[in-house]
Amino acid sequence: MSNNNNVLTLSAPLSGPVLALGNVPDDVFASGAMGDGIAIDPLNDCLHAPCDGVIIHVARTGHALTIRADNGAELLMHVGIDTVELDGEGFALLVEAGARVSQGQALLRIDLDRIARQCKSLVSPIILTNGERFELQPLARKTVKVGEPLMRILARLSTGDETAVDNSAAEAAASVRVTHRGGLHARPAALIRKTALGFSSQARVHYGDKSAPCDSLIGLMGLGIGEGDEVCVSCRGKDCEAALQALIDALSAPAKDEHTAPVAVTPRRASTEANVLQGVCAAPGLVCGPLLRLTGIELPADSGTHSVDDQRQRLDSALEQVRSEIRSTLDHARQRKHVEEKEIFAAHLALLEDPALLDAASGAIEHGSAATHAWRDAIQAQCAVLLALGKPLFAERANDLRDLQQRVLRALLGEAWHFELPPGSIVSAHELTPSDLLHLSAQQAVGICMAEGGATSHVAILARSKGLPCVVALGADVLDVPQGQRVVLDAANGRLELAPSEARHAQVHQIRNAQKLRHQQQQAQAQLPAHTTDGVNIEVAANVASSSEAHTAFENGADGVGLLRTEFLFVERRTAPDEQEQRQAYQAVLDAMGDKSVIIRTIDVGGDKQLDYLPLPVEANPVLGLRGIRLAQVRPQVLDQQLRALLQVTPLARCRILLPMVSEVDELLQIRRRLDELCVELELTQRPELGVMIEVPAAALMAEQLAEHADFLSIGTNDLSQYTLAMDRDHAGLAARVDALHPALLRLIAQTCAGAAKHARWVGVCGALASDLLATPVLVGLGVRELSVSPPQIGEIKDRVRHLDAAQCRQRSLGLLDLSSAKAVRQACQHHWPLS
Ligand code: PEP
Ligand code: MG
């Protein structure tokens, strides 16, 4: 971009619609408190440098960068709103503070999908933070692509009437704890700056051995003050007392949005029983076995004679080794759709790339430390900071850091995994890390006990997903139990029984054996069809998202695939899959299912699930926007190509096509017509069955009209709950209330089945309610004939069906429609059809 001496033209750092600052959905930015600027609603996943310059600040959590252009203008680029709360997740920095960059250079990779899901907005303000020296002129543009001209920066001429300097020697100082959520990141720092500018006194914030003037945003952010940190504020000037009071108030403003406050760790309860340690259940289950204690790596004292280059290189290659291990764990988790595992290890990868950590370690090496000790000390210093915050969530993040400490030390020391476990062991440790847990699970440990830890930690989440009983917060006593002592872990009740009698052992074995036997029996029967006691056949199919999951489903006894979510083929890539690639992927799923049928849902993206290569209009309410079948309205060629690919699988008779988010009959008729035309083009004599997802209330209420033209209906209870109850299905605070057993949902399901029956069509359920054992009798009773469930649950759902009487289910289910709440329905289900 050409710049003359006084004018600098900035290029767009992101692609997307351009917004005036006043339209940014955040009061601080919109008010101009942080400076003048402009915002972009990004459609691409990378932030680029808007000009040549130096990166003078990188937010601790990677969501914001400040660049100083060569003419001295300073620009803050803040990706999304409230993104500091992601704590670095979803951001991958490509540069460090201090780096010289050139215009257009990639600076920060952004996981748009995640930010969109978890944060208030993707709208990204670009702010001129030293507006006293420069002024900004936006170039009138509605949308921009990266690299296109965005705005001009002009140097201000000095007017010579700058505010008179306050030379008074009066001083005041006080300490205060910073209460802003996420610490003193860009937005709170801007409020402090604005407050300070209202007084003539010079004010500074002091933190640890650093301090910064309150009128410098960059200086304040650079202090790295976390939520809960205590800082000292000093003011010097005529109005120092008033300035101090105002700044103290601004720094200790009550934290907003308490609903996202960290979940408190349940305090340890003292056990009243002899020989029993009491902790907190992190994952339920009852097991017995020898207790084996794990310890971390202890380093000997540092000899202190090292070559700096050599140590730096060792650390670099150990870090790279661990990064690539984590990347492969991530790939694995991604392929298997283990969302929690994926998120935890993505956070680890981000931590491992954290400049603060890397700088601290390389600084220590420069001062003569060995790579091992430098890394350990860098981690421990960060852990100390996090622990000093006294917040459970921060303490849990410290455990993630310790995990990285161990992994990198292991890589540096060249140690193989440092313990071998006899299968069937219960493992105790001060606090285990997520990667320890994956290894332990692979080594067939049967239970986990930790002296510390919280039930909301990453380890706890992983233990639950692996079905590994786990108790946390047992106290240090658990570490004194002699190696190999036989114990009973009653995780559901948070108990570790240190001296169980023979009788207790026998009892635990008996309970475990009964559970195992039941599971084996269910698995043995899983390949057989499921009939109710009065002879109604219920197909138990599987929800899958890849051909490998289809293999597992087939082995587990699935009667078919009830829902193939085809998004797996379209997401996390830079270009669209072509017809051939799609055909092969769909064929692979068909091939994995023997002679069973496969229901393939057409692509359900749009709304909040954007594809890089498929830019769609920005939506104010994405879940109410152009998602699912509505995509055909704006991108008919995408659906067309998918239909062509689907029509080429063999045998076509085993393939059924399912349309998501249908809300009126015309949408179905239009696709049906197009499918018929394509069949003619491809010289096919028969078109595959075409079904409609019932996932918006309108579709359920119109089931009869839809069933006239559809071959089957499949109820998506996840979205149907969201749209019926007007509750975001991903809203953490509403999670317990988005319950598909709500009587309103049951009425819609009943109406769907009745409408379908008028045209002799069958109805399936492919939402999560189908996998809920308590719901099975209700769905059977209301007339559902196919349940599409998660693959590991096929055996138990079939077993549940085999114990039901469909006629009785029908009669009792109709009564549930009149109940007052989901809770009442659940209680009634438990009463009518108890789960043992
Ligand atoms: C549903 O909405 O219930 C459904 C099965 O679709 P998805 O979860 O993919 O939106
Ligand atoms: Mg859905």
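About the thresholds
- Residues numbered from 1 in each chain as written.
- Chains lettered and ligands numbered in written order.
- Predicted model: local features only at pLDDT ≥ 70, side-chain atom pairs only at ≥ 80, totals over all residues.
- Heavy atoms only, no water.
- UniProt positions renumbered as here; feature names shortened; annotations may be inferred.
- Helix = DSSP H or I, 4+ residues; strand = E, 2+ residues; numbered from the N terminus.
- Buried < 20%, exposed > 50% of the residue type's maximum accessible area, 1.4 Å probe, protein only.
- Contact = heavy atoms within 4.5 Å.
- Areas by Shrake-Rupley, 256 points an atom, 1.4 Å probe, with all protein chains shown as cover.
- Donors = N, O, S within 2.8 Å, 3.2 Å for Na, K, Ca; no water.
- Axes fitted to C-alpha atoms, helices over the stretch in contact; angles between N-to-C directions.
- Parallel < 35°, antiparallel > 145°, perpendicular 65-115°, else oblique.
- Nonpolar A, V, L, I, M, F, W, Y, C, P; charged D, E, K, R; others polar.
- Near = heavy atom within 4 Å.
- Polar contact = N/O pair within 3.5 Å; in protein donor to acceptor, adjacent residues only side chain to side chain.
- Core = buried A, V, L, I, M, F, W, Y, C linked by side-chain atoms within 4.5 Å.
- Expected span 1.5 Å × (residues − 1).
- Salt bridge = Lys/Arg side-chain N within 4 Å of Asp/Glu carboxyl O.
- Pairing = 2+ DSSP bridges.
- pLDDT = per-residue confidence, 0-100.
- Phe/Tyr/Trp six-rings, centres within 6.5 Å; stacked < 30°, edge-to-face > 60°.

- In the annotation of an unreviewed UniProt entry, the entry for the chain reads phosphoenolpyruvate--protein phosphotransferase, and the organism field reads Pseudomonas lactucae.
- Per UniProt, the comment on the chain under Catalytic activity (unreviewed entry) is "L-histidyl-[protein] + phosphoenolpyruvate = N(pros)-phospho-L-histidyl-[protein] + pyruvate".

Focus: the overall build of the chain
For step 1, the next point in the chain: Along the backbone of the chain there are 26 helices and 35 strands.
For step 2, the next point in the chain: Across the 836 residues of the chain, 52% fall into the buried class.
For step 3, the next point in the chain: Intrachain contacts of the chain at a sequence separation of at least 6 include 69% that bridge at least 24 residues.
For step 4, the next point in the chain: Surface summary for the chain: the accessible area is close to 35,900 Å², and the carbon and sulfur share equals 50%.

Describing the coordination of the magnesium ion (ligand 2)
For step 1, the next point in the chain: Surrounding the magnesium ion (ligand 2) are the protein donor atoms E695 (OE) and D719 (OD), which sit 2.1 to 2.2 Å from the metal. Taken together, the residues E695 in the loop between strand 32 (689-694) and helix 19 (697-701) and D719 in helix 21 (residues 717-725) connect sequence positions 24 residues apart.
For step 2, the next point in the chain: For D719, a relative accessible area of 3% translates into the label buried.

A few points about the packing of helix 13 (residues 502-525) against helix 24 (residues 794-802)
For step 1, the next point in the chain: Their axes nearest at 8 Å, the elements helix 13 and helix 24 cross at an angle of 85°. Considered as vectors, helix 13 and helix 24 are oriented roughly perpendicular to each other. Counted together, Q522, Q523 and Q525 of helix 13 and G795, E796, D799 and R802 of helix 24 form the full contact between these two elements.
For step 2, the next point in the chain: A per-class count over the contact of helix 13 with helix 24 returns no nonpolar, four polar and three charged.

Digging into the site of ligand 1
For step 1, the next point in the chain: By nearness alone, every residue bordering ligand 1 is listed as L563, R565, R601, M693, E695, G716, T717, N718, D719, R729, C766 and G767.
For step 2, the next point in the chain: One of the side-chain nitrogen or oxygen atoms of R565 is found 2.7 Å away from an oxygen atom of ligand 1.
For step 3, the next point in the chain: T717 places a main-chain nitrogen or oxygen 3.1 Å from an oxygen atom of ligand 1.
For step 4, the next point in the chain: The fraction of the free accessible surface of ligand 1 (290 Å²) that becomes covered by protein chains is 95%.
For step 5, the next point in the chain: For the shell around ligand 1, the elements supplying multiple residues, two or more each, are strand 29 (560-565) and helix 21.
For step 6, the next point in the chain: Residue classes in the shell around ligand 1 are distributed as three nonpolar, four polar and five charged.

Quick word on unusual backbone geometry
For step 1, the next point in the chain: For the bond running from T650 to P651, omega is -15°, close enough to zero to count as cis.
For step 2, the next point in the chain: Inspection of the secondary structure assignment puts P651 in the loop between helix 17 (636-647) and strand 31 (655-659).
For step 3, the next point in the chain: Look at D82: it is not a glycine, yet its phi comes out positive at around 65°.
For step 4, the next point in the chain: Residue class for D82 comes out buried when judged on its relative accessible area of 12%.
For step 5, the next point in the chain: Residue A473 is not a glycine yet carries a positive backbone phi of 60°.
For step 6, the next point in the chain: On the secondary structure map, A473 appears in the loop between strand 24 (470-472) and strand 25 (486-490).

Considerations on helix 21
For step 1, the next point in the chain: Burial analysis of helix 21 places seven of its nine residues in the buried class, which makes it a mostly covered element.
For step 2, the next point in the chain: Considered for burial, the residues of helix 21 that qualify are T717, D719, L720, S721, Q722, Y723 and L725.
For step 3, the next point in the chain: Packing partners of the buried residues in helix 21 comprise strand 32, helix 19, strand 33 (712-715), helix 22 (743-758) and strand 34 (762-765).
For step 4, the next point in the chain: Of the residues one or two after helix 21, A726 is the one with positive phi, at around 55°.

Thoughts on the nonpolar core
In globular proteins that are soluble, nonpolar side chains generally tend to be buried together.
For step 1, the next point in the chain: Judged by nonpolar contacts, the single largest core of 100 residues is most densely connected at Y586, L706, L713, L746, I749 and L787.
For step 2, the next point in the chain: With seven residues, helix 22 is the largest single contributor of residues to this core.
For step 3, the next point in the chain: Look past the residues within four positions of Y586 in its chain and what remains in contact with it is L564, T566, L569, F570, I600, Q642, A645, L646 and V649.

Regarding the side chain of Q582
For step 1, the next point in the chain: Take Q582: it is sitting in helix 15 (residues 579-592).
For step 2, the next point in the chain: Leaving out residues up to four positions away in the same chain, Q582 has contacts with L569, F570, P577, Q641, Q642 and A645.

Describing helix 6 (residues 308-335)
For step 1, the next point in the chain: For helix 6, spanning 28 residues, the distance from its first C-alpha to its last is 40 Å, which sits close to the expected 40 Å at 1.5 Å a residue.
For step 2, the next point in the chain: For helix 6, the full list of buried residues reads Q311, L315, A318, L319, V322, R323, I326, T329, L330 and A333.

Description of the pattern of salt bridges
For step 1, the next point in the chain: In total, this model carries 31 salt bridges according to the counting rule given.
For step 2, the next point in the chain: Here D676 ties to R687 by a salt bridge, and the two come within 3.2 Å at their closest N and O atoms. Of the two residues, D676 sits in helix 18 (residues 665-681) while R687 sits in the loop between helix 18 and strand 32, which places them 11 residues apart along the sequence.
For step 3, the next point in the chain: D676 gets classed as partly exposed once you look at its relative accessible area, which sits at 32%.
For step 4, the next point in the chain: Exposure remark for R687: the relative accessible area of 22% places this residue in the partly exposed category.
For step 5, the next point in the chain: One network of salt bridges, with partners in common, ties together E567, R601, D604, R627 and D719.

Here's the deal with the sheet that holds strand 12 (residues 134-138)
For step 1, the next point in the chain: Taking strand neighbours across the sheet as the criterion, the three strands line up as 1-14-12 in an open arrangement whose pairing is antiparallel. Strand pairing shows two members of the sheet lacking a second neighbour, strand 1 (7-11) and strand 12, which therefore form its edges. Neighbour-to-neighbour, the strand axes of the sheet open up by a mean angle of 25°, direction not taken into account.
For step 2, the next point in the chain: Both strand 12 and strand 14 (residues 149-155) contribute to a ladder of five bridges, which runs antiparallel. Note on strand 14: the bridge partner recorded for P138 is M151.

Quick notes on the confidence of the model for the chain
In low-pLDDT segments, the atomic positions of the prediction should not be examined closely.
For step 1, the next point in the chain: A residue-level look at the chain finds 89% of positions with pLDDT of 70 or above and a mean pLDDT of 85.
For step 2, the next point in the chain: Below a pLDDT of 50 lies the segment residues 159-163, which in the model reaches zero contacts outside its immediate sequence neighbourhood of four places, other chains included.
For step 3, the next point in the chain: Within the model, the stretch residues 255-270 combines pLDDT values under 50 with 24 contacts to residues more than four positions away or in other chains.

Section: the environment of P17
For step 1, the next point in the chain: When you line up the elements, P17 lands in strand 2 (residues 16-20).
For step 2, the next point in the chain: Given a relative accessible area of 22%, P17 falls into the partly exposed group.
For step 3, the next point in the chain: Between the C-alpha atoms of P17 and K142, which are 125 residues apart in sequence, the distance is 5.7 Å.
For step 4, the next point in the chain: Among residues more than four places away in sequence, those in contact with P17 are A39, I40, D41, L43, K142, T143 and V618.

Focus on the sheet that holds strand 15 (residues 171-177)
For step 1, the next point in the chain: Ordered in space as 15-18-16-17, the four strands form an open sheet in which the pairing is antiparallel. Strands at the two margins of the open sheet, each flanked by one partner only, are strand 15 and strand 17 (210-213). Within the sheet, the average angular offset between the axes of one strand and its neighbour, ignoring direction, is 20°.
For step 2, the next point in the chain: Across four bridges, the pairing between strand 16 (residues 202-207) and strand 17 is antiparallel. The residue of strand 17 that forms the bridge with H206 is S211.
For step 3, the next point in the chain: Along the sheet face, helix 5 (residues 240-251) touches strand 15, strand 16 and strand 18 (230-236) and points at about 10° away from the line of strand 15.

A closer look at the packing of aromatic side chains
For step 1, the next point in the chain: For the structure shown, the criterion picks out one aromatic pair.
For step 2, the next point in the chain: Note on F712 and W762: the rings are 4.8 Å apart at their centroids and 5° apart in plane angle, and the pair reads as stacked. Of this pair, F712 sits in strand 33 while W762 sits in strand 34, and the two are 50 residues apart along the sequence.
For step 3, the next point in the chain: By relative accessible area, F712 is classed as buried at 0%.

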